[in-house]
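The lines below spell out each chain.
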Amino acid sequence: VLHSHADVWFINYCKRQQENRSIKWVHTYHLPYFKEFHGDFLDWQIEMNQSLFDTAKQADIKISVGKWLKEYLKDEYNINTIYIPNCVDYDKCQLANANRFIKTFNLKDFILFASKLDYVKNPVEFVKLSALMPQEQFVIIGSNITKEALENLYKQKLPLNLHVVSGYVDHETLLDAMAASKLFVMTSRIEGLPTALMEAMALGKPVVASKVHGCEELLDNEKYGYLYDLGDIEMLRNKTIVALRDSEIGIIAKQHVRQNFDWKVVAPKID
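The present account deals with the structure reproduced in this document. (Residues numbered from 1 in each chain as written. Predicted model: local features only at pLDDT ≥ 70, side-chain atom pairs only at ≥ 80, totals over all residues. Heavy atoms only, no water.)

### A look at the overall build of the protein
- Counting its regular elements, the protein contains 14 helices and ten strands.
- In terms of overall size, the protein behaves like a compact globule, its C-alpha atoms giving a radius of gyration of 19 Å where 271 residues would be expected to give roughly 18 Å.
- Taken along the three principal axes of its C-alpha coordinates, the protein extends 60 × 40 × 35 Å.
- Taken across its 271 residues, the protein has 50% of its residues classed as buried.
- Within the protein, contacts between residues at least 6 apart in sequence are counted, and of these 63% link residues at least 24 apart.
- With 32 positive and 35 negative side-chain charges, the protein shows a spacing of 2 Å between the two charge centroids. (Helix = DSSP H or I, 4+ residues; strand = E, 2+ residues; numbered from the N terminus. Rg over C-alpha atoms; globule rule 2.2 N^0.38 Å. Buried < 20%, exposed > 50% of the residue type's maximum accessible area, 1.4 Å probe, protein only. Contact = heavy atoms within 4.5 Å. Lys, Arg positive; Asp, Glu negative; His and termini not counted. Charge placed at Lys NZ, Arg CZ, Asp CG, Glu CD.)

Encoded structure:
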């Protein structure tokens, strides 16, 4: 059995092996590219979408990581998939060490954004949030994020209460940052089913996320976190204030992830 995800070469390889040998092929659909969120496509994005919608649909078994994605693929491309969600290593999350992050970066009691610097991940709305809440400390962390690049995107100096952790960040450090934070914020324009949000929830952190595909599905009508309308920074601020005061939501979210999105639960479904 071969199992492809998001690599054009490997998808094509799986197709050839399926044709030439007695090989079974599984393909998992994550997030395709959308012009309304990604802008004008680059050549490699066009190639990726074509591979997903024309080639990968010929796999023997097709999986969608989100319920919304399953519906989208069926409605738009008549591709039938099985829903098996994205998931996280719950036990690894529990090994995160808040003190290790605090000692290394001298940062604590902060609101966290962890992603990369691009249009889809939308870090500018997090910067705007920090400007509206000068009494709080904010941290933005990501492998390609620098203060200078973020200021170019924001088009002005960053608020003094916003700290940028730049340079290479491994997964252990990212989890440590989540453990040291008091709230996690995701401002993405679209998500498949976001694992970073799951990891913050697995660590018992209250979360605030944009009301978009993936985030909305994971938080299930605000049962496990708070949602704001993309672009509404005042609503984002208000939801952040409410989340900071909510002592129960993180506990509920942690249990939700453990029961439904841990690898120990999901891997047998794939098997």
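### Description of the sheet that holds strand β7 (residues 162–165)
- Spatially, the six strands line up as an open sheet ordered β7-β6-β5-β8-β9-β10, and their pairing is parallel. Looking at which strands have only one partner, the edges of the open sheet turn out to be β7 and β10 (226–228). Averaged over all pairs of adjacent strands, the angle between their axes in this sheet comes to 25 degrees, without regard to strand direction.
- Sheet analysis places strand β6 (residues 137–141) next to β7, joined by four bridges and oriented parallel. Within β7, the position partnered with Ile141 by the bridge is Val165.
- Sheet contacts for helix α9 (residues 171–180): β5 (110–114), β6 and β8 (183–186); angle to β5, the most-contacted strand, approximately 150 degrees. (Pairing = 2+ DSSP bridges. Axes fitted to C-alpha atoms, helices over the stretch in contact; angles between N-to-C directions.)

### Section: unusual backbone geometry
- Backbone geometry places Asp109, a non-glycine residue, at a positive phi of 55 degrees.
- Take Asp109: it is sitting in the loop between α6 (98–105) and β5.
- Overall, the relative accessible area of 48% leaves Asp109 in the partly exposed class.
- The phi dihedral of Glu222 is positive, around 65 degrees, even though this residue is not glycine.
- Counting through the fold element by element, Glu222 comes out in the loop between α11 (215–219) and β10.

### Some remarks on helix α7 (residues 123–132)
- Within α7, seven of the ten residues are buried, which leaves the element mostly enclosed by the surrounding structure.
- The complete set of buried residues in α7 reads Pro123, Val124, Glu125, Phe126, Val127, Leu129 and Ser130.

### As for the layout of surface pockets
- When its volume is computed, the largest pocket comes out at roughly 870 Å³.
- In this structure, the largest pocket is lined by 34 residues; those nearest its centre are Leu31, Lys116, Asp118, Lys121 and Glu191.
- Looking at the lining of the largest pocket, the elements that each hand over two or more residues are α2 (35–38), α3 (43–55), β5, β8 and α10 (195–202).
- A total of four residues in the lining of the largest pocket trace back to one element, the largest contributor, which is α3.
- Taken together, the residues of the lining of the largest pocket break down into 20 nonpolar, nine polar and five charged.
- When its volume is computed, the second largest pocket comes out at roughly 210 Å³.
- Put simply, the parts of the chain that give the lining of the second largest pocket at least two residues each are α11, α13 (249–260) and α14 (263–270).
- Sort the elements by how many residues they give to the lining of the second largest pocket and α13 lands first, with three residues. (1 Å grid on protein atoms, 1.4 Å probe; cavity = no way out; pocket = protein on both sides within 12 Å on 5 of 7 lines; lining within 4 Å. Points joined across faces, edges and corners; volume = space filled by probe spheres on them. Nonpolar A, V, L, I, M, F, W, Y, C, P; charged D, E, K, R; others polar.)

### Overview of the pattern of salt bridges
- Scanning the model with the defined rule gives eleven salt bridges in all.
- The closest approach of N and O atoms between Glu19 and Lys15, which form a salt bridge, is 3.5 Å. One end of the pair, Glu19, and the other, Lys15, are both in helix α1 (residues 8–20), four residues apart, so they sit about a helical turn from each other.
- Two residues, Arg100 and Glu172, come together in a salt bridge whose shortest N-O distance is 3.9 Å. Of this pair, Arg100 sits in helix α6 while Glu172 sits in helix α9, and the two are 72 residues apart along the sequence. (Salt bridge = Lys/Arg side-chain N within 4 Å of Asp/Glu carboxyl O.)

### Looking at the pairing of strand β2 (residues 25–29)
- In terms of residue burial, β2 counts as a mostly covered element, since five of its five residues are buried.
- Because side chains alternate across β2, one face comprises the buried residues Trp25, His27 and Tyr29, and the other comprises Val26 and Thr28, equally buried.
- Note that strand β1 (residues 2–4) and β2 share three bridges and pair parallel. Bridge pairing links Leu2 to Trp25 in β2.
- In this fold, the crossover linking β1 to β2 by way of α1 has right-handed handedness.
- Across four bridges, β2 lies against strand β3 (residues 61–64) in parallel orientation. Of the residues in β3, the one forming a bridge with Tyr29 is Ser64. (Right-handed = clockwise from strand over helix to strand, strands pointing away.)

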